[in-house]
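# Summary of the model geometry
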Amino acid sequence: MVIYGVALLSFCMLAGVFTGDILGQLIGVRANVGGVGIAMLLLIFLSNLTGHRLKLGAPTKTGISFWSAMYIPIVVAMAAKQNVIAALSSGWMAIIAGGAAVIASFALIPVITRLGHGDKRDT
Amino acid sequence: MGTNVILETVSAVLSKNALITAFAFVGVLVWISYFLSDKLTRGHLHGSAIAIAIGLVLAYVGGLVTGGSKGLADFSILAGVGVLGGAMFRDFAIVATAFGVHIDELKRAGVAGAASIIIGVVLSFFVGAIVAVAFGYSDPVIVSTIGAGAATYIVGPVTGTALGATSDIIALSVAAGLTKSVLVMIATPLVAKRIGLDNPYSAMIYGGLMGTTSGVAAGLAATDPRLVPYGAMTATFYTGVGCLLAPSLLFLIVRALL
């Protein structure tokens, strides 16, 4: 049943957000801490668990993969509701922040690839 | 029946069925974007990147016309765009993207793949944060939100919402993430040879360091389509790790430093 997949996804999200809220209160940041990340890990854990013990049916998977496929459209809607006017008043900062992150990340790829391969040769 | 009556009825139907209107609206927007991607850029610029860019432009127009802070969603007939693009559906879809990641594949990615995700999040976060500080911001919430945006345009809003940043700062973080995503799409095929991006192993590290799922998927597709699943797999984790680290550990570090 498609609803089983949607419900599993919902359970993971609610459990993750709940854990994130509790974590936030424990750390004292008065905010949700990593709820979405915890929900993702929970979904990976549960979907792999059921893979071994009882298989998720095809319709159940559809209930999850539909929402996964809706990711880009939802991000598009998110972009369309942003306060862009306010953002553009210091537009260069966003462009430089994003651009610098890309350059730094590209530069690290050969370094980590070499380190990783080095580890392999050792073992 | 006059034109006014028909227009009023159309407007009433669209407003009453806000979320459905949003599905139809975003569907048309995405379709146009993929059409432009195909015809104007021959697929070089991924359709999703164009759709997001058009979304931001429309949000600008919406803000200009309505004077509100919710972009297109301030038009009553497009209020559903605000629901569809709101935190609830956004987080739901993000969690769903984790589905299909197998623990076995994770193990095969090895230590380097996992490490690259954490290194990538921390690196982009602090590069973005340093740029924010260089531009005169000193509020830890703002600096962290912009740093998180330099990770991905999802980590930025999630972090900003969690820390209580204002909508304009969240929009800045989305803009930083969008810049990153578009640059990754365009630059990946150009630098692929120089950074050794020609095998599954380096593709996993690439996905982990870059993290922007659409940027990585489009960048790898333009470089070597066989590498897409490897890069996408680690990239899938990046947003999760970013959402986990940015509003918590990384925010606390920024708050301690500023």
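What counts, and where the lines are drawn
- Residues numbered from 1 in each chain as written.
- Chains lettered and ligands numbered in written order.
- Predicted model: local features only at pLDDT ≥ 70, side-chain atom pairs only at ≥ 80, totals over all residues.
- Domains from an automatic or database assignment.
- Contact = placed C-beta atoms within 7 Å.
- Nonpolar A, V, L, I, M, F, W, Y, C, P; charged D, E, K, R; others polar.
- Buried ≥ 20, exposed ≤ 12 C-beta atoms within 10 Å, placed from the backbone.
- Helix = DSSP H or I, 4+ residues; strand = E, 2+ residues; numbered from the N terminus.
- pLDDT = per-residue confidence, 0-100.
- Axes fitted to C-alpha atoms, helices over the stretch in contact; angles between N-to-C directions.
- Parallel < 35°, antiparallel > 145°, perpendicular 65-115°, else oblique.
- Left-handed = near helix turned anticlockwise from the far one by under 90°.
- Core = buried A, V, L, I, M, F, W, Y, C linked by C-beta atoms within 7 Å.

### Looking at the domain arrangement of chain B
Residues and elements named next belong to chain B. The assigned domain composition of chain B is domain 1 (3–85) and domain 2 (101–257). Just the C-alpha atoms count here: the centres of domain 1 and domain 2 sit 26 Å apart. Across the boundary between the two partners, domain 1 contributes nine residues, which contact nine residues of domain 2. A per-class count over the side of domain 1 that touches domain 2 returns five nonpolar, four polar and no charged.

### Some points on helix α8 (residues 155–163) of chain B
Residues and elements named next belong to chain B. In terms of residue burial, α8 counts as a mostly covered element, since eight of its nine residues are buried. Of the residues making up α8, those classed as buried are Val155, Gly156, Pro157, Val158, Thr159, Gly160, Ala162 and Leu163. Phi for Gly164, located one or two positions after α8, is positive at around 85 degrees.

### Things to note about the environment of B:Val57
By secondary structure assignment, the location of B:Val57 is in helix α3 (residues 47–66). Put simply, B:Val57 and B:Ile169 are 112 residues apart on the chain and 17 Å apart in space, counted from C-alpha to C-alpha.

### A short note on the interface of chain A and chain B
Chain A puts 65 residues into the contact, and the matching count from chain B is 90 residues. Here the side of chain A that touches chain B takes 21 residues from helix α6 (residues 91–122) of chain A, the largest share from any one element.

### Quick notes on the confidence of the model for chain A
When pLDDT is averaged along chain A, the result is 80, and 80% of the positions lie at 70 or above. Predicted confidence for residues 119–123 of chain A stays below pLDDT 50, and this span has one contact to residues more than four positions away or in other chains.

### With respect to the packing of helix α4 (residues 71–80) of chain A against α3(B)
Between α4(A) and α3(B), the least distance of the axes is 7 Å, while the angle of their chain directions is 25 degrees. Of the possible angle classes, the one that applies to α4(A) and α3(B) is roughly parallel. Judged by the twist between their axes, the crossing of α4(A) over α3(B) is right-handed. From α4(A), A:Ile72, A:Val75, A:Val76, A:Ala79 and A:Ala80 reach across to α3(B), where they touch B:Ser48, B:Ala51, B:Ile52, B:Gly55, B:Leu56, B:Leu58 and B:Ala59. Classifying every residue of the contact of α4(A) with α3(B) gives ten nonpolar, two polar and no charged.

### Quick look at the nonpolar core
Residues A:Leu9, A:Val76, A:Ala97 and B:Val95 are the most contacted members of the largest nonpolar core, which totals 122 residues. Looking at this core, the element that brings in the most residues is helix α12 (residues 228–257) of chain B, giving 13 residues. Once residues lying within four places of it in the same chain are set aside, the contact partners of B:Val95 are A:Leu9, A:Cys12, A:Met13, A:Gly16, A:Val36, A:Ala39, A:Met40 and A:Leu43.

### Brief notes about the environment of B:Ser181
All names here are of chain B. Relative to the assigned elements, Ser181 resides in helix α9 (residues 167–191). Using a count of 29 C-beta atoms within 10 Å as the deciding quantity, one classes Ser181 as buried. Considered as a pair, Ser181 and Arg255 are 74 residues apart in the sequence and their alpha carbons are 27 Å apart. Among all residues touching Ser181, those that are not within four sequence positions of it are Ala49, Tyr153, Thr212, Ser214 and Gly215.

### Considering α4(A)
Of all the ten residues making up α4(A), ten are buried; the element is thus mostly covered by neighbouring parts of the structure. If you check which residues of α4(A) are buried, you get A:Tyr71, A:Ile72, A:Pro73, A:Ile74, A:Val75, A:Val76, A:Ala77, A:Met78, A:Ala79 and A:Ala80.

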